[in-house]
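The lines below spell out each chain.
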Amino acid sequence: MNAQLKEEKVFKDPVHNYVHVQDEIIWSLINTPEFQRLRRIRQLGTSYLTFHGAEHSRFSHSLGVYEITRRIILQFERAGYTDWPRDERLVTLCAALLHDLGHGPFSHSIEQAFQMHHEDWTCKILLGDTEVGAVLRRLGEDFPEKVASVIRKDYPNPIVVNLVSSPLDADRMDYLLRDAYFTGVNYGTIDMDRILRMLRPFQGRIVVKESGMHAVEDYLMSRYQMYWQVYFHPVTRSSEIILRQIFRRAKELYASGHTLAFLPDPLPGLFKRELTVQEYLLLDESLVQTAFMQWRNDKDDLLSDLCTRFIDRKLYKYVEVDSLDKEMIQEIRDAFIKVGLHPEYDLEIDFPTDLPYDVFRPNGEIKDKQILLLDRHDRIREISEVSDIVRSISGLHRGKFHLYYPDNKLSHVMDLLPQDIADIFEQK
């Protein structure tokens with residue numbers, strides 16, 4: 001059974017001012033080792049190498065998502081909306097708090113390097129022999145599975161899923177505000193209070209009162225700007241590339257029988273993709289960066305160079321190219337090989353894409369990726385049918401090609417490259 005705390009706990013928060021905790025179950029979850037581990041996982045991965053203030057953690061973000069969700073539910077309950085069942089409150093709050101529990105060090109970069117997904121690890125942690133699982137089971141043996149099903153997006157009540165994962169959810173609202181605050185940019189400043197006041201549970205979905213459309217437009221524009229100006233920043237992409245290359249090289253060396261200079265548990269299990277939940281929970285950014293510090297002295301020159309670049313922020317340079325076809329990419333790779341460069345490690349071609357908003361399509365079903373407006377006659381319309389601004393940023397947006405390379409290596413062989421290839425890299 002859940003109980004209320006005798007005295008409300010509060011966290012001072014730079015984004016939401018205060019995070020309020022009244023439920024004993026929430027307080028207990030926050031104090032588990034699994035949740036405390038999120039203090040040692042940065043929210044924005046390697047972005048701190050681009051925006052020096054971006055040192056905030058998954059811990060603070062998770063508290064923020066919980067707080068936004070708590071405010072939404074409180075508003076629903078005060079208004080007495082019949083579409084919101086009060087018995088869903090705790091499962092929603094727990095899912096909001098724990099939604100990022102399975103993130104690994106440097107988050108998405110390690111997921112790409114080892115073909116894993118943090119949502120899967122979140123569910124394994126919730127359902128496994130963990131303190132988080134034990135706390136959740138106080139509310140019933142099936143309660144961890146309920147929370148996990150919200151994370152998996154197959155919970156039977158879609159309103160609960162919408163609050164935690166949708167185009168206008170507590171997760172996105174917090175990370176836009178928090179990431180903008182800590183990176184020092186203004187793009188993510190949205191009128192969250194206005195948006196929260198306009199949210200309604202209606203016919204199995206979270207909808208927005210039509211008079212709140214302009215606040216939602218501002219939110220979507222902020223998301224668009226944050227992706228292209230912060231999340232896709234080319235310097236951050238460069239650091240992510242080097243990070244993935246370190247993981248790839250270390251994994252290759254381990255598989256070949258090479259003795260790495262430093263290999264504490266659980267790194268062997270990570271390289272073999274045979275991690276238990278308890279081993280996975282040992283992974284944090286302190287451990288990984290300690291390994292990188294040691295690998296700077298490894299006998300393998302490539303691994304040593306990559307780790308030195310990452311630790312000392314000697315990142316790859318880049319050039320922008322409007323278009324590249326497969327033939328030109330192959331020509332560049334062949335040219336790199338001929339002059340003694342490694343096309344897999346000395347060249348990375350990045351082509352960022354983003355889907356800021358997935359518009360409604362006539363004769364198509366309304367998707368979970370769409371934001372619905374509720375007019376005064378209780379009619380639902382998808383926002384891009386009404387908003388010119390949303391239509392203007394909808395659909396797939398593509399950036400320019402970015403070619404990343406180690407400047408010190410390329411400069412030594414530039415004269416040996418074919419002129420058309422050299423011209424590409426000399427335009428920087």
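Analysis parameters
Residues numbered from 1 in each chain as written. Predicted model: local features only at pLDDT ≥ 70, side-chain atom pairs only at ≥ 80, totals over all residues. Heavy atoms only, no water. Helix = DSSP H or I, 4+ residues; strand = E, 2+ residues; numbered from the N terminus. Rg over C-alpha atoms; globule rule 2.2 N^0.38 Å. Buried < 20%, exposed > 50% of the residue type's maximum accessible area, 1.4 Å probe, protein only. Contact = heavy atoms within 4.5 Å. Areas by Shrake-Rupley, 256 points an atom, 1.4 Å probe, with all protein chains shown as cover. Pairing = 2+ DSSP bridges. UniProt positions renumbered as here; feature names shortened; annotations may be inferred. Domains from an automatic or database assignment. Buried area = accessible area lost by both parts, 1.4 Å probe. Salt bridge = Lys/Arg side-chain N within 4 Å of Asp/Glu carboxyl O. Polar contact = N/O pair within 3.5 Å; in protein donor to acceptor, adjacent residues only side chain to side chain. Nonpolar A, V, L, I, M, F, W, Y, C, P; charged D, E, K, R; others polar.

1. As for the overall build of the chain
Here is step 1: If you tally the helices and strands in the chain, you get 21 helices and eleven strands.
Here is step 2: The C-alpha radius of gyration of the chain comes to 24 Å, within 12% of the 22 Å expected for a compact globule of 428 residues.
Here is step 3: Burial analysis of the chain (428 residues in total) assigns 56% to the buried set.
Here is step 4: Nonlocal contacts in the chain, meaning residues at least 24 apart in sequence, comprise 70% of its contacts between residues at least 6 apart.
Here is step 5: When the accessible surface of the chain is split by element, carbon and sulfur atoms take 48% of a total near 19,400 Å².

2. Some points on the pairing of strand S11 (residues 401-405)
Here is step 1: For S11, the buried fraction is high: five of the five residues fall into the buried class.
Here is step 2: Burial along S11 is two-sided: the residues Phe401, Leu403 and Tyr405 and His402 and Tyr404 are all buried.
Here is step 3: In the sheet, strand S5 (residues 317-321) pairs with S11 via five bridges, with the strands oriented antiparallel. Each residue of the ladder has a partner; that of Lys317, found in S11, is Tyr405.
Here is step 4: Relative to S11, strand S6 (residues 348-350) runs antiparallel, the two sharing three bridges. Counterpart to Glu348 in the pairing with S11 is Tyr404.

3. Quick notes on the pairing of strand S1 (residues 4-13)
Here is step 1: The sheet contact formed by S1 and strand S2 (residues 17-23) spans six bridges and is antiparallel. Bridge assignment links Lys12 to a residue of S2, and that residue is Tyr18.
Here is step 2: Hairpin connection between S1 and S2: a loop of three residues separates the two successive antiparallel strands.

4. Regarding the side chain of Asp300
Here is step 1: Here Asp300 is to be found in the loop between helix H16 (285-295) and helix H17 (301-312).
Here is step 2: Discounting residues that sit within four places of it in the chain, Asp300 has contacts with Arg249, Leu253 and His258.

5. Considerations on the UniProt feature "domain: HD/PDEase" (unreviewed entry) in the chain
Here is step 1: Here, the residues flagged by UniProt with the feature "domain: HD/PDEase" (unreviewed entry) are residues 54-185.
Here is step 2: Counting secondary structure, residues 54-185 comes out at 65% helix and 0% strand; the distance between its end C-alpha atoms is 11 Å.

6. Let's talk about the domain arrangement of the chain
Here is step 1: For the chain, the domain assignment lists domain 1 (4-230) and domain 2 (233-314).
Here is step 2: Placing a centre on the C-alpha atoms of domain 1 and another on those of domain 2 gives a separation of 29 Å.
Here is step 3: Contact with domain 1, which involves 31 residues of that partner, is made by 25 residues of domain 2.
Here is step 4: For the pair domain 1 and domain 2, the summed buried area comes to about 2,700 Å², and 61% of that belongs to carbon and sulfur atoms.
Here is step 5: Taken as a group, Leu49, Phe106 and Phe114 account for 25% of the area that domain 1 buries against domain 2, more than any other trio of residues on that side.
Here is step 6: Notably, a salt bridge pairs Glu285 with Arg42, separated by 2.9 Å at the nearest N-O pair.
Here is step 7: Counting every contact that joins domain 1 to domain 2 gives 18 residue pairs in polar contact (both at pLDDT 80 or more).
Here is step 8: Where the side of domain 1 that touches domain 2 is concerned, the elements lending two or more residues are helix H5 (108-114), helix H6 (118-127) and helix H12 (213-231).
Here is step 9: With five residues, H5 is the single largest residue contributor to the side of domain 1 that touches domain 2.
Here is step 10: The residue inventory of the side of domain 1 that touches domain 2, partitioned by class, reads 14 nonpolar, eleven polar and six charged.

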